[in-house]
Amino acid sequence: MDIQKLQRAVIDALEDVKAQDIKVFNTTHLTSLFDRVVIASATSNRQTRALASSVADRGRALDLSGITIEGEDTGEWVVVDLGDLVVHIMQPVIRQYYNLEEIWGGKPVRVKLLPESTRAAPIVSDGAYDDADQ
């Protein structure tokens, strides 16, 4: 699967469950194990689990195999491994302490340059969006 489409799908899955401070890092120059690391924050243990579930479900919808999730038991830091992309979903205090952004270094991938969202297009009636779709 194209890495940009995968990263867009992951970002959509995270945004669907209201993840905060989403950052994507290109790791191709640092490791051959995966191409991207996504780091996101959640406000509660329940939300970290919901975010991980959303990401895993999106991966399954894209027919990815071998999806693994670690850390759901505590919910403070949940890791979802999608093969070419690894997602870290963390409580803000844990995220600040471990500072993964520094480990993966460099600048985050500019999300504005990613392909269009993987979400279904809103239903258009009479050439205008419904108020609920905006």
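Residues numbered from 1 in each chain as written. Predicted model: local features only at pLDDT ≥ 70, side-chain atom pairs only at ≥ 80, totals over all residues. Heavy atoms only, no water.

Caption draft 1: Inspection of the packing of aromatic side chains at higher detail. If you walk through the whole model with that rule in mind, you get three aromatic pairs. Relative to Y98, the ring of Y97 has its centre 4.9 Å away and its plane inclined at 85 degrees; by these criteria the two rings are edge-to-face. The exposure class of Y97 is exposed, given its relative accessible area of 65%. Each member of the aromatic cluster is reached from another via a ring pair, and the members are W77, Y97 and Y98. (Phe/Tyr/Trp six-rings, centres within 6.5 Å; stacked < 30°, edge-to-face > 60°. Buried < 20%, exposed > 50% of the residue type's maximum accessible area, 1.4 Å probe, protein only.)

Caption draft 2: Main features of the pattern of salt bridges. Within the structure shown, the criterion is met by seven salt bridges. A salt bridge links D21 to K23; the nearest nitrogen and oxygen atoms lie 3.8 Å apart. K23 sits in the partly exposed class, given a relative accessible area of 27%. Among the salt bridges present, the one from R95 reaches E101, with a minimum N-O distance of 2.6 Å. Exposure class is identical for R95 and E101. Each is buried. A cluster of three or more residues bridged by salt bridges with shared partners is formed by D21, K23, R95 and E101. (Salt bridge = Lys/Arg side-chain N within 4 Å of Asp/Glu carboxyl O.)

Caption draft 3: Representation of the environment of L6 within the structure. Topologically, L6 is positioned in helix α1 (residues 3-16). A residue is classified by how much of its surface remains accessible, and L6, at 4% relative accessible area, is buried. For the pair L6 and L82, spaced 76 residues apart in sequence, the C-alpha separation works out to 9.1 Å. (Helix = DSSP H or I, 4+ residues; strand = E, 2+ residues; numbered from the N terminus.)

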